[in-house]
Amino acid sequence: MTALSQRASLPSTPTWPSNAWYVAATSEELTTQPLGRTICGEPMVFFRGQAGQVAAVEDFCPHRGAPLSLGFVREGQLVCGYHGLTVGCDGRAAGMPGQRTEALPAARAFPVVERNGFIWVWPGDAAQADIAKLPPMPWAENPGWAYGGGLYHIACDYRLMVDNLMDLTHETYVHATSIGQREIDEAPVNTSLEGQQVVTRRDMPGVKAPPFWRMALKGAGLDEDAVVDRWQICRFSLPSQVMIEVGVALAGRGGYDAPLAVKASSIVVDFITPETPTSHWYFWGMARAFAVDDAALTDTIREGQGKIFSEDLAVLERQQANLSRRPDRRLLTLNIDAGGTHARRLIDRMIAQEVG
Amino acid sequence: MTALSQRASLPSTPTWPSNAWYVAATSEELTTQPLGRTICGEPMVFFRGQAGQVAAVEDFCPHRGAPLSLGFVREGQLVCGYHGLTVGCDGRAAGMPGQRTEALPAARAFPVVERNGFIWVWPGDAAQADIAKLPPMPWAENPGWAYGGGLYHIACDYRLMVDNLMDLTHETYVHATSIGQREIDEAPVNTSLEGQQVVTRRDMPGVKAPPFWRMALKGAGLDEDAVVDRWQICRFSLPSQVMIEVGVALAGRGGYDAPLAVKASSIVVDFITPETPTSHWYFWGMARAFAVDDAALTDTIREGQGKIFSEDLAVLERQQANLSRRPDRRLLTLNIDAGGTHARRLIDRMIAQEVG
Amino acid sequence: MTALSQRASLPSTPTWPSNAWYVAATSEELTTQPLGRTICGEPMVFFRGQAGQVAAVEDFCPHRGAPLSLGFVREGQLVCGYHGLTVGCDGRAAGMPGQRTEALPAARAFPVVERNGFIWVWPGDAAQADIAKLPPMPWAENPGWAYGGGLYHIACDYRLMVDNLMDLTHETYVHATSIGQREIDEAPVNTSLEGQQVVTRRDMPGVKAPPFWRMALKGAGLDEDAVVDRWQICRFSLPSQVMIEVGVALAGRGGYDAPLAVKASSIVVDFITPETPTSHWYFWGMARAFAVDDAALTDTIREGQGKIFSEDLAVLERQQANLSRRPDRRLLTLNIDAGGTHARRLIDRMIAQEVG
């Protein structure tokens, strides 16, 4: 039960895999201005080339070290705001007033791709970057789904967020007024490995819906007061993505497998991108398969979800502060932590393979 | 005169004794919510058990390291706000949803006791904690006295506050508009050891009262314009408590020993609790033996004293910043510093005994 | 072209010469209160003696380490605001209540002199301080010139400011709306050594004046729409002073050498004083030889110049942050960087001579 233990300390080896796609930004964040953001410890600047394609180079002008993100984009090239050194999408110096630039060293460029409203970057070895390794996002490519989401910057190790999302018993305590309910604690949790995915599942048959799900039932045109079967299926994939199938169906109609017409079901989308060993970018959202044309409902859900995840943010940052103060302490891994424990093992194994 | 010198540096050995009672909070601070506070370098959480008794455990959930002070109290037990691990007043795991907790490690509990409106904690070896070692507080247990006070968090080594309180010549400079007067500087100071107490004393016969004492004379029903005999008797006790008998009596009536009816006398109460090597909790107050039923006077005194001690705070934090920048510098110990010097010797001796 | 490279790291040897005069404050900053300011890593307090003369001593009371700048000046001596130790202009203890002070150690005093509205301090070996080494300031001693200026605290290595001022191509990018214009980039830059001075010069004949210079032309009673010859002559002198002759003359009238009546010319005055390895005090101003009695114009220029230099501040602080994050990176020295490169060589040579 408490056989395993983990170190809470910040290791000197990397705490994240580098050879992987991470979400760096949403498409709508990147307009005509360059965007500076640190991903996996690398300060990067993102901008759009002449054709609108995304580029990512290190946020450090090869000339005098000014951040290139202070500059501007001109005809698809990034101009340093200090002395005008211009780099192309490949990071190479493309011009500078009164200066030949052929021999200048290039700024490091990172593989980057835009897909389904997200900008994905590969912070590690560019030679290994492969678009085929992008995760499947069926909910984003199917008109039968609607999506809304947001971004939080959270001052904690990204793995604490993985732990958080792979064990939803915390909903009862952290989110008592929205999605928490006593029955979550009482339902047995089932953890399994499905290939390279870790899956934790809880089913709560015959319960009353908590406030967030009452709202969703109403949005789906169902009775918010009905007794429902509720489910949570959390799927972790490398490097640090958690997709959570959640929903409620009118009781006795099949639960997770109930027909669309009698349930409100959705996928909590979590792309978790390390910034530093003790901070990360949290791209959260919800994809739903009901009332997909109801834009007002999308806004309502986004607002509710944003409030819920801000509660996680508050707890996680305090947890990190406590762990940083006590790097010697070992944490417990109880039954409910099995999902996070297995996810961390996959992460550790991938890091170990990278550092050889 | 300047024969002694002291190191201003922050040592690597402890700067405080651990096996002692320290004030952690006032009784009124601890209501139905848990209270997180670091005492002598130990993050602690204080809460009240079922019968209202005080408990103190480390502020670190044994499960995943979240601060327990983020949680809540339920039926006299402390529930972690993250996943619901519940600990009792003894720090032992008392329950958790879906989890047997008998084998879980306990959170460290600290000896704690409530006495005379203060919550006292023993941060060191629990086996040595002894209620008999609590300091006497006669002014708190005698209806002939009234008390009011407050709490400041001050970003300096607690010993700089001890120095400050054991040499009141600073009143002339730091508190020029309230309790300072030139005669303090001019009066000879007498320092003595009385058992385990360091005592510094100044008498200023035949002076005019400064503004704070004019207010006190008036509060005591005496002539604020009268010529008075003024006294200051500072008593340091281990680990870091300074009680200062201060007062004014109508001139020639016996000074410190004058009858109650012709004097306004009180005790400045200072409980000084280390937080970190460069910060402390300062519980200050004033106990008085005159006009004890005048609650408005208590408020007036608290307000005046709070303003005065905020002046100390400003100087002490700047002093600490200067000392931290120059850890190599040695300070002088002049005549006026004898009280602080002797107090630090007692502290150093106690620490040396503890660390063996 | 890119043959040279420089370390961006913060060295452990000093980054500034100590045996030199630096501007510590303007005369108007130092009134009847003491002024605390760190110069070349030395916390100092400046005050005026009985005759109004300037004194500078370390900002650390020899008694208990409180900053002397918290105190006050009484009859030309500095009184510590904590216990009243008084020091004279030479740093020696001049008195203390109830205490003989002859044997007390002195606070270190620094050579200091007031000249032309600036307070100059010599942070190094006092024996080498020589007033003859103050820089000439002809514009300050000639009624044919007017002066206005200001002070910025900038969180970057003072040498980044030297680089900035010795290469004005950045005006096109950083100051696009005031003094920048494309022709700066296009004009060849000429760098030369004139004794112990580094000089970079650009001439831009037959251009339209950018907004700041239109304002200056108008202030000088000339046609702001006229075609002009523009010039920039930057002169670096040790330890870290840059005087920049700038101006515009009606086109074809001799440019820099044109008669006063057909030009608006001025000197940008830059006294750059290290505070810490990554911060400095930037005393900036403009001396002009036209419309010298127009106080409103002085204000207008000061305001415009202050806005321009705040743009430099923003870029330089971000550059410093980037360099601090990447101390291993080497920077390029392109054609346009020749002025800064030569200035840094003079600085490095002077430091090397000092540290032996």
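Residues numbered from 1 in each chain as written. Chains lettered and ligands numbered in written order. Predicted model: local features only at pLDDT ≥ 70, side-chain atom pairs only at ≥ 80, totals over all residues.

*Asks:* Could you give an account of the interface of chain C and chain A, with specific residues and numbers?
*Replies:* Listed as interface residues are 23 residues of chain C and, on the opposing side, 19 residues of chain A. Broken down by secondary-structure element, the contributors of at least two residues to the side of chain C that touches chain A are helix H2 (170-174), helix H3 (182-186), helix H5 (295-325) and strand E19 (330-332) of chain C. In terms of residue count, the dominant contributor to the side of chain C that touches chain A is H5(C) (six residues). (Contact = placed C-beta atoms within 7 Å. Helix = DSSP H or I, 4+ residues; strand = E, 2+ residues; numbered from the N terminus.)

*Asks:* Residues and numbers for the relation of the copies chain C and chain A, please.
*Replies:* For these two chains of identical sequence, chain C goes onto chain A by a turn of 120 degrees and a shift of 0.1 Å along the axis, with RMSD 0.0 Å. Here the copies are linked by what is in effect a three-fold axis. (Least-squares fit on C-alpha atoms with pLDDT ≥ 70 in both.)

*Asks:* Would you mind going over the domain arrangement of chain A in detail, with residue names and values included?
*Replies:* Residues and elements named next belong to chain A. Domain annotation for chain A reports domain 1 (32-111) and domain 2 (138-355). The interface of domain 1 with domain 2 comprises four residues on the first partner and four residues on the second. Each residue belonging to the side of domain 1 that touches domain 2 can be placed in one class, and the counts come to two nonpolar, two polar and no charged. (Domains from an automatic or database assignment. Nonpolar A, V, L, I, M, F, W, Y, C, P; charged D, E, K, R; others polar.)

*Asks:* Describe the environment of Gln50(C), with residues and values.
*Replies:* Residue and element names in this part refer to chain C. Among the structural elements, Gln50 can be located in the loop between strand E4 (42-48) and strand E5 (54-58). Residue class for Gln50 comes out exposed when judged on the 11 C-beta atoms lying within 10 Å of it. Excluding anything up to four places from it in sequence, Gln50 contacts Glu75 and Gly76. (Buried ≥ 20, exposed ≤ 12 C-beta atoms within 10 Å, placed from the backbone.)

*Asks:* Outline the sheet that holds strand E14 (residues 197-208) of chain C, listing residues and values.
*Replies:* All names here are of chain C. With antiparallel pairing, the seven strands of this open sheet are ordered in space as E12-E18-E17-E16-E15-E14-E13. Every other strand in the sheet has two partners, leaving strand E12 (146-154) and strand E13 (190-194) as the edge strands with one partner each. Between one strand axis and the next, the sheet turns through 20 degrees on average, direction left out of account. Here strand E17 (residues 263-276) runs beside strand E18 (residues 279-288); their pairing, made up of 10 bridges, is antiparallel. Bridged to Val269 within E18 is Gly285. (Pairing = 2+ DSSP bridges. Axes fitted to C-alpha atoms, helices over the stretch in contact; angles between N-to-C directions.)

*Asks:* Can you explain the interface of chain B and chain A? Please cite residues and give values.
*Replies:* Contacts between the two partners involve 19 residues from chain B and, on the opposite side, 23 residues from chain A. Classifying every residue of the side of chain B that touches chain A gives 10 nonpolar, seven polar and two charged.

*Asks:* Quick one: what's the story with unusual backbone geometry, residue by residue and with numbers?
*Replies:* With omega at 0 degrees, the peptide bond leading from Leu238(B) into Pro239(B) counts as cis. The residue Pro239(B) is located in the loop between strand E15 (227-237) and strand E16 (241-250) in this model. The phi angle at Cys40(A) is positive, at roughly 50 degrees, despite the residue not being glycine. Residue placement: Cys40(A) occurs in the loop between strand E3 (35-39) and strand E4 (42-48). Note on Cys40(A): 25 C-beta atoms within 10 Å, which makes it buried. Its identity as a non-glycine residue notwithstanding, Asn116(B) has a phi of 55 degrees, on the positive side.

*Asks:* So what's going on with helix H6 (residues 338-355) of chain B? Residues and values would help.
*Replies:* All names here are of chain B. With 18 residues, H6 should cover 26 Å at 1.5 Å per step; its first-to-last C-alpha distance of 26 Å lies within 8% of that length. Within H6, burial applies to Gly339, Gly340, His342, Ala343, Leu346 and Ile347. In this fold, the buried residues of H6 make contact with helix H1 (158-166), strand E13 (190-194), strand E14 (197-208) and E15. Following H6 by one or two positions, Gly356 adopts a phi angle in the positive range, close to 70 degrees. (Expected span 1.5 Å × (residues − 1).)

*Asks:* Talk me through the nonpolar core; I want residue IDs and the actual numbers.
*Replies:* Of all hydrophobic cores here, the largest spans 283 residues; its most connected members are Val121(A), Val121(B) and Val121(C). Setting aside residues up to four positions removed in sequence, Val121(B) forms contacts with Tyr22(B), Ala24(B), Ile39(B), Met44(B), Ala56(B), Phe110(B) and Val112(B). (Core = buried A, V, L, I, M, F, W, Y, C linked by C-beta atoms within 7 Å.)

*Asks:* Can you break down the packing of helix H1 (residues 158-166) of chain A against helix H5 (residues 295-325) of chain A residue by residue, with the values?
*Replies:* Two quantities define a packed helix pair, namely the angle between the helix axes and the distance between the axes. Residue and element names in this part refer to chain A. Contact pair H1 / H5: the axes reach a minimum separation of 10 Å and the direction vectors enclose 130 degrees. Regarding the angle of H1 to H5, the classification is oblique. Considering the relative orientation of H1 and H5, their crossing is right-handed. When H1 is examined against H5, the residues Leu160, Met161 and Asn164 are found in contact with a partner set consisting of Asp312, Leu316, Gln319 and Gln320. Considering only residue class, the contact of H1 with H5 consists of three nonpolar, three polar and one charged. (Parallel < 35°, antiparallel > 145°, perpendicular 65-115°, else oblique. Left-handed = near helix turned anticlockwise from the far one by under 90°.)

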